[in-house]
Amino acid sequence: MAELKTATVVMDSVFDAKSVSEYLRRELDRRLSVNPRYSLRAFAKHLGMSPGELSEILREKRPISAKACQKVARAMDLSPTEFKHLLVLSATSETPMAAPVFHPSNRLGEDHFRLISDWWCFALISLLDLEDVRWERAVIAKKLGITPLQAQGTMERLERLGLVRRGVGGHMVST
């Protein structure tokens, strides 16, 4: 029995996975091997998503959203580079519901490429959850530690892609 455990390959990082579902399945399996009483429900709670959503992602019946990728990255304490890789894996998902623009046979437009490659795009979306953040390039640049030009470009990109919109009272909200 001990030989069986040593023969089991343990994934070191998100870079070892071919898909988000594989990464999450392996992490769940790892946790179950440490604690047989651990459950999909507990894993979903840890990741900040519903058990149904996690189950569908694991069975590749549903693509993982960018927002869910952020939750996974936070819960799994992923580095910015690992988070970017997770987004790339999610964007190239072959699940039937995946957005066609991210299918590997299609070329990514500049806006979509930047959305995936620039970590601050999703960080800016997360900032919108805070009440004291104004939709001004200087404020956002300072909060994220990027240049005002990067902040302005990102703000415009998120609006073009429909990922943010004006909400009640003129405040920007994530869609």
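Definitions and cut-offs
- Residues numbered from 1 in each chain as written.
- Predicted model: local features only at pLDDT ≥ 70, side-chain atom pairs only at ≥ 80, totals over all residues.
- Heavy atoms only, no water.
- Helix = DSSP H or I, 4+ residues; strand = E, 2+ residues; numbered from the N terminus.
- Polar contact = N/O pair within 3.5 Å; in protein donor to acceptor, adjacent residues only side chain to side chain.
- Core = buried A, V, L, I, M, F, W, Y, C linked by side-chain atoms within 4.5 Å.
- Buried < 20%, exposed > 50% of the residue type's maximum accessible area, 1.4 Å probe, protein only.
- Contact = heavy atoms within 4.5 Å.
- pLDDT = per-residue confidence, 0-100.

### A word on the side chain of Glu27
(1) Moving on: When you line up the elements, Glu27 lands in helix α2 (residues 20-34).
(2) Moving on: In terms of polar contacts, Glu27 uses its side chain to reach the side chain of Arg30, at 2.6 Å.

### Here we look at the nonpolar core
(1) Moving on: With 45 residues, the main nonpolar core has Tyr23, Leu24 and Val72 as its most contacted residues.
(2) Moving on: Mapped onto this core, the elements with two or more residues apiece are α2, α3 (40-47), α4 (51-58), α5 (66-75), α6 (80-91), α8 (119-127), α9 (137-144) and α10 (148-160).
(3) Moving on: Sort the elements by how many residues they give to this core and α8 lands first, with six residues.
(4) Moving on: Not counting residues up to four positions away in its chain, the partners in contact with Val72 are Tyr23, Leu24, Leu47, Met49, Ile64 and Leu86.

### Some remarks on the confidence of the model for the protein
In low-pLDDT regions, the fine details of the predicted coordinates are not to be read closely.
(1) Moving on: Here the protein shows a mean pLDDT of 77. Residues at 70 or above account for 79%.
(2) Moving on: Mean pLDDT values for the elements of the protein range from 41 in helix α1 (residues 2-7) up to 93 in α3.
(3) Moving on: For residues 1-11, every residue scores under 50 in pLDDT, and the model assigns this stretch five contacts once sequence neighbours within four places are set aside.
(4) Moving on: A low-confidence stretch, residues 95-103 (pLDDT under 50), is modelled with 19 contacts involving residues beyond four sequence positions or located in other chains.

### Here we look at the environment of Glu136
(1) Moving on: You can see Glu136 is positioned in the loop between α8 and α9.
(2) Moving on: Linking Glu136 and Gln152, residues 16 residues apart in sequence, is a C-alpha distance of 8.1 Å.

### Some details on the side chain of Ser90
(1) Moving on: Along the polypeptide, Ser90 turns up in helix α6.
(2) Moving on: Those residues within four positions of Ser90 in sequence are excluded, and the remaining contacts are Val20, Ile64 and Cys69.

### What to know about the environment of Met155
(1) Moving on: Tracing the chain through its elements places Met155 in helix α10.
(2) Moving on: The class for Met155 is buried, based on a relative accessible area of 4%.
(3) Moving on: It is 8.8 Å that separates the C-alpha atoms of Met155 and Glu136, two residues lying 19 residues apart in sequence.
(4) Moving on: Beyond its immediate chain neighbours, meaning those up to four positions away, Met155 contacts Leu124, Trp135, Glu136, Arg137 and Ile140.

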